[in-house]
Amino acid sequence: MPPIDDHKIAQRPVLVTGATGYVAGRLVPLLLASGYQVRTMGRSIEKMAGRSWGHHPNIELVKGDIMDGNSLKAAVAGCGTLYYLVHSMISQKKHYRNADQTGARNMMMAAADAGADQIIYLGGLGDVSHKNVSRHLVSRHEVGQILKKGPVPVTILRAAMILGSGSASFEILRYLAERLPLMITPKWVRMPTQPIAITNVLGYLKGCLEQEETRGKTFDIGGPEVLAYQDLFKLFAGEVGLPPPLMIKVPVLTPRLSSLWIHLVTPVPAAIAQPLTEGLSIPTVCTENAIKQLIPQELISCREAIRRAVDRIRQEQVDTCWADAGEMVHPEWAHCGDSDYSGGTILQCGYRARVNGSAQILWPAIHKIGGQTGYYAADILWQIRGMLDILTGGVGLNRGRRSKKHLQVGDALDFWRVLEVKPPSKLLLLAEMRTPGEALLEIQIDPVSDNACEITLLSRFLPKGLPGIVYWYLLYPFHQYVFTQMLKGMAKAAGLTLASSPKRFTPKISRSCTLKDT
């Protein structure tokens, strides 16, 4: 680690917005390692605290939302440089453009009120006057123009495809190349682009903080090569030892159709894939390279960037993922046993069993659930549920896990979102599958003695109207079978045995909750 610069410590804190997003989540530890005082802003303190940098002595975690002007002003107050690294595409879906405009205006005004030194913004590369320009690129451009209307100098970096483990663009490239030896491809596979490695993106973002000559200017950033997307597929295939995919080009394949196909084959849902594929219809090549003189660094080739990304995936060292972004909504009713709740009838199904072994021995099996590990029972039923989710527009099981070994609050786990991780006693998952209601799955381990514990599986569901109730009762027989088998499977995976057969139970709740145990 480089020596700490006392001058950096004396500077005003650096604010990083969207701190749990793909780029920001990697920029924060880079700034901390360089000695900066960093304030991170996100909509969940718990989610930020769960990151590897969440308890660093030079970090300050602040809850805020770019859509809430007051919370944004509080987060900005006292900071010098502001990194604007948020994007509403995941959280707002089709309405991201209006949300992006509102967020940019709020940041512009908050920065002015705080007397900030500069704003650094990462936007998109491409000609916005092109006849085929995408709404996504237009929105990225509009954000930069809005930020520039304020008195605080704005540095804009414009990037095309970012190559790095966990980025949405790389995930699309990876899964298509791995799963489709034969591709029906549209015209955009021949479109020139200038990808850039995530390492170089971070180098430019940090360099703009340290190089005052970048203030108030716009720069195109890219790697050392201009390639077609079909070349990237071949490079990836070569790095993972696969034959180059056979591509059959067709004259017409709309971004909508492309996004639906990507949704079926990759973890990236159509709502995100469509804006990205729309952006592939125009060249995304740097038109100037002034930043290379101001912030010199070794630019990583596409082949090397792909090799590094693949290595990190194989080594279970994916620091951030596109799926990390977005709001982590903790349902109001999740803690209804502790506080008043009158929002509806909560349906539940619970099973428990006593295990011959300690919680510490059993916990690793719980911690590895999902992804390639699966759910320890009824794999075919889980796969069918995942496929049905994909066919109805949900995320399905394609997202998997960021890491087989590590799980943190806010992680995507198949079609769940991790709300709580408390080793070795509790894992709480929020369903992000398509359902007519909200669902939680809780796995709890309670010690009974030094050599025995009790494991509990509890599913809770807040239905939306009659469709939600019908959905619950249709699936309830499957819940009964799956939960009993999961309890047996988790104990077996930990090398333990059950002291008793799984039994259904009724959770103890407060009278203030409206609950129904079916």
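Residues numbered from 1 in each chain as written. Predicted model: local features only at pLDDT ≥ 70, side-chain atom pairs only at ≥ 80, totals over all residues. Heavy atoms only, no water.

(A) Focus on the overall build of the protein chain. When helices and strands are counted, the protein chain shows 17 helices and 22 strands. For the protein chain, with 518 residues in total, the buried portion stands at 56%. Sequence-distant contacts, at least 24 apart, represent 74% of the contacts inside the protein chain between residues at least 6 apart. Surface accessibility of the protein chain: about 22,300 Å² in total, with carbon and sulfur atoms responsible for 54%. (Helix = DSSP H or I, 4+ residues; strand = E, 2+ residues; numbered from the N terminus. Buried < 20%, exposed > 50% of the residue type's maximum accessible area, 1.4 Å probe, protein only. Contact = heavy atoms within 4.5 Å. Areas by Shrake-Rupley, 256 points an atom, 1.4 Å probe, with all protein chains shown as cover.)

(B) Spotlight on the packing of aromatic side chains. Taken as a whole and judged by the stated rule, the model has eight aromatic pairs. Relative to Tyr121, the ring of Tyr84 lies with its centre 6.1 Å away and its plane at 50°, an arrangement referred to as tilted. Note that Tyr84 is positioned in strand β4 (residues 81-84) and Tyr121 in strand β5 (residues 118-124), a separation of 37 residues in sequence. Measuring from centroid to centroid gives 5.6 Å for Phe461 and Tyr471, while their planes differ by 40°, and the two rings are tilted. Taken as a pair, Phe461 in strand β19 (residues 452-463) and Tyr471 in helix α17 (residues 465-493) lie far apart in primary sequence, ten residues in all. Through pairs of rings, three or more aromatic residues link up here, namely Tyr375, Trp382, Phe415 and Trp416. The ring of Phe505 is capped by Arg352, whose NZ or CZ atom sits 4.0 Å from the centre of that ring. (Phe/Tyr/Trp six-rings, centres within 6.5 Å; stacked < 30°, edge-to-face > 60°. Lys NZ or Arg CZ within 6 Å of the ring centre and 35° of its normal.)

(C) A look at the pairing of strand β1 (residues 14-17). Burial along β1 is two-sided: the face carrying Val14 and Val16 and the face carrying Leu15 and Thr17 are both buried. Handedness of the β1-helix α2 (residues 24-33)-strand β2 (residues 38-42) crossover: right-handed. One ladder, built from two bridges, connects β1 with β4; its direction is parallel. In the strand pairing of β4, Leu15 is matched with Leu82. (Right-handed = clockwise from strand over helix to strand, strands pointing away. Pairing = 2+ DSSP bridges.)

(D) Structural view of a positive patch on the surface. Residues Lys187, Arg190, Lys234 and Lys249 make up a contiguous surface patch of positive charge. Its location among the elements puts Lys249 in strand β13 (residues 246-249). Lys249 gets classed as partly exposed once you look at its relative accessible area, which sits at 40%. (Patch = residues over 30% accessible without salt bridge, like charges linked within 9 Å, V, L, I, M, F, W, Y side chains within 5 Å. Salt bridge = Lys/Arg side-chain N within 4 Å of Asp/Glu carboxyl O. Lys, Arg positive; Asp, Glu negative; His and termini not counted. Charge placed at Lys NZ, Arg CZ, Asp CG, Glu CD.)

(E) Expanded view of the nonpolar core. Membership of the largest hydrophobic core comes to 45 residues, with the highest contact counts inside it found for Trp416, Leu427, Ile455 and Met486. Elements with a contribution of two residues or more to this core: β14 (346-356), α15 (359-367), β16 (416-422), β17 (426-431), β18 (437-449), β19 and α17. The element that contributes the greatest number of residues to this core is α17, accounting for eight residues. Excluding residues within four positions of it along the chain, Trp416 makes contact with Tyr375, Trp382, Arg399, Asp411, Leu429, Leu430, Ala431, Glu432, Met433 and Leu441. Formed by 36 residues, the second largest nonpolar core is a distinct cluster that contains Trp188, Met191, Met247 and Val268. (Core = buried A, V, L, I, M, F, W, Y, C linked by side-chain atoms within 4.5 Å.)

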